[in-house]
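Breakdown of the fold
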Amino acid sequence: MSGQWCLIESDPGVLTEVISKLGVEGVQAEEVLDLSPEGLQEYAPVYGLIFLFKWQKSSSGRANCMSQPPEGMFFAKQTVTNACATQALLNILLNVEEVNIGDELSQFKEFTACFQPEDCGDAIGMSDTIRSVHNSFARQETFAMQREATEDDDAFHFVGFVPYKGNVYELDGLQNGPVNHGAHGDNWIEKAVEVLRKRIEEYSSTEIRFNLCALIRSRKDIYVEKLAEVQAADPVDAAKVAELEDKIKDEEAKAKRFSDENSRRKHNYIPLFLELLRSMAKSGKLQPAVDQAKEKYKEHVAAAVKERQKKLASQSMA
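Predicted model only: the values in this text are computed from it and were never measured. (Residues numbered from 1 in each chain as written. Predicted model: local features only at pLDDT ≥ 70, side-chain atom pairs only at ≥ 80, totals over all residues. Heavy atoms only, no water.)

Some words on the overall build of the protein chain
In terms of helices and strands, the protein chain carries eleven helices and six strands. Counting the 318 residues in the protein chain, one finds 40% classified as buried. Contacts in the protein chain between residues at least 24 apart in sequence constitute 75% of all its contacts with a sequence separation of at least 6. Approximately 18,900 Å² of the protein chain is accessible, and the part contributed by carbon and sulfur atoms is 51%. (Helix = DSSP H or I, 4+ residues; strand = E, 2+ residues; numbered from the N terminus. Buried < 20%, exposed > 50% of the residue type's maximum accessible area, 1.4 Å probe, protein only. Contact = heavy atoms within 4.5 Å. Areas by Shrake-Rupley, 256 points an atom, 1.4 Å probe, with all protein chains shown as cover.)

Brief notes about the pairing of strand S2 (residues 46-54)
With eight of nine residues buried, S2 lies mostly within the body of the structure. Sheet topology note: the S2/strand S6 (residues 210-217) ladder contains seven bridges and is antiparallel. Following the sheet pairing, phenylalanine 51 is matched in S6 by leucine 212. Across six bridges, the pairing between S2 and strand S3 (residues 156-164) is antiparallel. The residue of S3 that forms the bridge with phenylalanine 53 is histidine 157. (Pairing = 2+ DSSP bridges.)

With respect to the packing of helix H1 (residues 12-21) against helix H9 (residues 238-266)
Relative to each other, H1 and H9 sit at 90°, their axes nearing to 9 Å. It follows that H1 is roughly perpendicular to H9 by the angle criterion. Between H1 and H9, the contacting residues are Pro12, Gly13, Val14, Glu17 and Lys21 on the first element and Phe258, Asn262, Arg265 and Lys266 on the second. By residue class, the composition of the contact of H1 with H9 is three nonpolar, two polar and four charged. (Axes fitted to C-alpha atoms, helices over the stretch in contact; angles between N-to-C directions. Parallel < 35°, antiparallel > 145°, perpendicular 65-115°, else oblique. Nonpolar A, V, L, I, M, F, W, Y, C, P; charged D, E, K, R; others polar.)

Some points on the pattern of salt bridges
Applying the stated criterion across every chain yields a total of 17 salt bridges. One salt bridge in this structure joins lysine 266 and glutamate 17, with 2.3 Å as the shortest N-O distance. Taken together, the residues lysine 266 in helix H9 and glutamate 17 in helix H1 connect sequence positions 249 residues apart. A salt bridge links glutamate 170 to arginine 199; its shortest N-O distance comes to 2.9 Å. Taken together, the residues span a long stretch of sequence, with glutamate 170 in strand S4 (residues 167-171) and arginine 199 in helix H7 (residues 188-203) at a distance of 29 residues. Residue classification places glutamate 170 among the buried residues on the basis of a relative accessible area of 1%. (Salt bridge = Lys/Arg side-chain N within 4 Å of Asp/Glu carboxyl O.)

Comments concerning the packing of H1 against helix H3 (residues 84-93)
Pairs of packed helices are described in terms of their axes, by the angle between the two and the distance that separates them. Here H1 crosses H3 at 60°, and the two axes come no closer than 11 Å. Accordingly, the angle class assigned to the pair H1 and H3 is oblique. As H1 packs across H3, the resulting crossing turns out to be right-handed. Across the interface between the two elements, Leu15, Val18 and Ile19 of H1 pack against Thr86, Leu89 and Leu93 of H3. Among the residues forming the contact of H1 with H3, the class breakdown is five nonpolar, one polar and no charged. (Left-handed = near helix turned anticlockwise from the far one by under 90°.)

Focus: the sheet that holds S3
If you trace the six strands from one edge of the open sheet to the other, you get S1-S6-S2-S3-S4-S5, paired in antiparallel fashion. For this open sheet the edge positions go to strand S1 (27-31) and strand S5 (179-183), each flanked by a neighbour on one side alone. Averaged over all pairs of adjacent strands, the angle between strand axes in this sheet comes to 20°, irrespective of strand direction. Its contacts with the sheet put H7 on S2, S3, S4, S5 and S6, and the angle it makes with S2 is roughly 0°.

A closer look at H1
For H1, the tally of buried residues reaches eight of ten residues, placing the bulk of the element in the interior. For H1, the complete set of buried residues consists of Pro12, Gly13, Val14, Leu15, Thr16, Glu17, Val18 and Ile19. Check the buried side of H1 and you find it contacts S1, H3, helix H6 (128-135), S6 and H9. Glycine 23 lies just past H1 and shows a positive phi near 100°.

Remarks on a negative patch on the surface
Taken together, the side chains of Asp34, Glu38, Glu42, Asp186 and Glu190 define an acidic patch exposed on the protein surface. In this fold, glutamate 38 is placed in helix H2 (residues 37-41). (Patch = residues over 30% accessible without salt bridge, like charges linked within 9 Å, V, L, I, M, F, W, Y side chains within 5 Å. Lys, Arg positive; Asp, Glu negative; His and termini not counted. Charge placed at Lys NZ, Arg CZ, Asp CG, Glu CD.)

Considering the confidence of the model for the protein chain
Averaged over all residues, the pLDDT of the protein chain is 88; the fraction at 70 or higher stands at 90%. Confidence over residues 144-150 falls short of pLDDT 50; this stretch has two contacts with residues more than four positions distant or in other chains. (pLDDT = per-residue confidence, 0-100.)

Side note on the packing of aromatic side chains
Throughout the structure, instances matching the rule amount to six aromatic pairs. When the ring of phenylalanine 51 is compared with that of phenylalanine 210, the centres are 5.8 Å apart and the planes differ by 10°; the resulting orientation is stacked. Separated by 159 residues along the polypeptide, phenylalanine 51 in strand S2 and phenylalanine 210 in strand S6 bring together distant segments of the chain. Among the aromatic residues, those joined into a cluster by ring pairs are Phe51, Phe53 and Phe210. The ring of phenylalanine 137 is capped by lysine 266, whose NZ or CZ atom sits 4.6 Å from the centre of that ring. (Phe/Tyr/Trp six-rings, centres within 6.5 Å; stacked < 30°, edge-to-face > 60°. Lys NZ or Arg CZ within 6 Å of the ring centre and 35° of its normal.)

Remarks on the environment of leucine 52
Residue position: leucine 52 is located in strand S2. Spatially, the C-alpha atoms of leucine 52 and cysteine 213 are 8.5 Å apart, while their sequence positions differ by 161 residues. In this view, leucine 52 contacts Ser10, Phe156, His157, Phe158, Arg209, Phe210 and Asn211; residues no more than four positions away in its chain are not counted.

Encoded structure:
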């Protein structure tokens, strides 16, 4: 019914393109490396945070999980496998009044206004537009192999954090409802950082792989507005004009880099690889390359075994 959904990366370039293709204007994703209120304030205004972490059984139940969303809040339970990245984006963007979400998402929000969270999740899965945008990042594969996930598989999950009517909410499609983390005062980022630090500490003994992206106002739009203000002043601050023009160029260069990286992500390299293998086989270079690779693998395994034995010997003598 909802079709297959691919896995996508927690990458600012990927998330920004998804946001743009969904019709949202003036919003970009930015990777957060400094998990401090001061560091995050550099990105102000911050509309929401997307946290990627390795899902664990302890993640399945959260205190303060509400049975129903607050009045007017959009919250979708995840009913479609692999949709959590786009769903986290939607759970944030559809709850930010100052963002122009475009006609498509405006109609979607209006259509689902009276839906229960599970019905909202189903509506996401049934949306051809949303699914098409999400699946534009599907990896090309020669053979599609289906298998059941096991406990040994690494399952990573996206959740959103957003301020809403004075409180900070965690919007996780695998929960029964939004998780209310309480009032945030003048700066919701401080409350969100507090929650995130505790969450990371919970997992720190077994997991160190996390990623955090902020959904922020387009930096280029901000700099263009500031440049117009500076140029309209009398006298004109030439140094400030040059500074803002450089920042605009940097943002344009970053957007170009994101676009190039996304094009490479989507490109089908399989025909190139197959043609390369055929060419190597015709010239008699393929089998020697395979044999050489096998020998290198054997050497690598032998070295790893030797290093392991050396560690065990040193531990037994200690």
